[in-house]
Amino acid sequence: LQAFLIKNIGALGMSMAHGSIKKKYNISDERTALFEKLDIWENQILEESGPFRAGNQFPDLADLTVFGVLTSVHGLSAHNEIMSSRPKLAKWYNNMNSYLP
């Protein structure tokens, strides 16, 4: 019973929060918003000199956060599209996969 309640109440809470978050950040299309943020991440933050953000030798909280977002869409067409169209990001993602247990 407890697992049933947690699963269903959690799903209800997430669906209610979903609309609020989209409204707060003025997001009409989640996929487009994700790709725009990944453009920023890839073009302004990732550098060639190191395996992680800003050329660092170890991942930081920003690396972990973006990795978590990308991991959450693993197995979906968006993830495949991201990895195939962004070689720099794919390399970083593979570095994160290798680094984390």
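This section reports on the structure supplied with the text. (Residues numbered from 1 in each chain as written. Predicted model: local features only at pLDDT ≥ 70, side-chain atom pairs only at ≥ 80, totals over all residues. Heavy atoms only, no water.)

Considerations on a nonpolar patch on the surface
- A cluster of nonpolar side chains, namely L1, F4, L5 and I9, defines an oily patch on the protein surface of about 480 Å² accessible area.
- Mapping F4 onto the fold places it in helix 1 (residues 2-24). (Patch = residues over 30% accessible without salt bridge, like charges linked within 9 Å, V, L, I, M, F, W, Y side chains within 5 Å. Areas by Shrake-Rupley, 256 points an atom, 1.4 Å probe, with all protein chains shown as cover. Salt bridge = Lys/Arg side-chain N within 4 Å of Asp/Glu carboxyl O. Helix = DSSP H or I, 4+ residues; strand = E, 2+ residues; numbered from the N terminus.)

Considerations on unusual backbone geometry
- Positive phi outside glycine occurs at N26, with the angle close to 55°.
- Topologically, N26 is positioned in the loop between helix 1 and helix 2 (30-45).
- Even without a glycine there, the phi angle at A54 is positive, about 55°.
- Its location among the elements puts A54 in the loop between helix 2 and helix 3 (61-72).

Details of helix 5 (residues 87-99)
- With 13 residues, helix 5 should reach 18 Å at 1.5 Å per residue; the first-to-last C-alpha distance of 18 Å fits that figure.
- Within helix 5, the full set of buried residues consists of L89, A90, W92, Y93 and M96. Buried residues of helix 5, seen end-on, are gathered within an arc of 160° and therefore sit on one face of the element. Exposed residues pointing more than 90 degrees away from the buried face of helix 5 are listed as P87, K91 and S98.
- Contacts made by the buried residues of helix 5 are with helix 2, helix 3 and helix 4 (77-85). (Expected span 1.5 Å × (residues − 1). Buried < 20%, exposed > 50% of the residue type's maximum accessible area, 1.4 Å probe, protein only. Arc of directions from axis to C-beta. Contact = heavy atoms within 4.5 Å.)

A closer look at the environment of D39
- Along the chain, D39 turns up in helix 2.
- Look at D39 and you get partly exposed, because its relative accessible area is 34%.
- It is 9.3 Å that separates the C-alpha atoms of D39 and R86, two residues lying 47 residues apart in sequence.
- Excluding its chain neighbours within four sequence positions, the residues that come into contact with D39 are Q44 and R86.

Remarks on the environment of N97
- Tracing the backbone through its elements, the reader meets N97 in helix 5.
- The exposure class assigned to N97 is partly exposed, which follows from its relative accessible area of 41%.
- With 26 residues separating them along the chain, N97 and T71 place their C-alpha atoms 9.6 Å apart.

A short note on the packing of aromatic side chains
- Counted by the stated rule, this structure contains 5 aromatic pairs.
- When the ring of F58 is compared with that of Y99, the centres are 6.3 Å apart and the planes differ by 65°; the resulting orientation is edge-to-face. Of the two residues, F58 is situated in the loop between helix 2 and helix 3 and Y99 in helix 5; the sequence distance between them amounts to 41 residues.
- Residue F58 is classed as exposed on the basis of its relative accessible area of 56%.
- Owing to a relative accessible area of 43%, Y99 belongs among the partly exposed residues under this scheme.
- Measuring from centroid to centroid gives 6.5 Å for F67 and W92, while their planes differ by 75°, and the two rings are edge-to-face. Residue F67 is found in helix 3, and its partner W92 is found in helix 5; the two are separated by 25 residues along the sequence. Neither F67 nor W92 differs from the other in exposure class; each is buried.
- Members of the aromatic cluster, joined through ring pairs, are W41, F67, W92 and Y93. (Phe/Tyr/Trp six-rings, centres within 6.5 Å; stacked < 30°, edge-to-face > 60°.)

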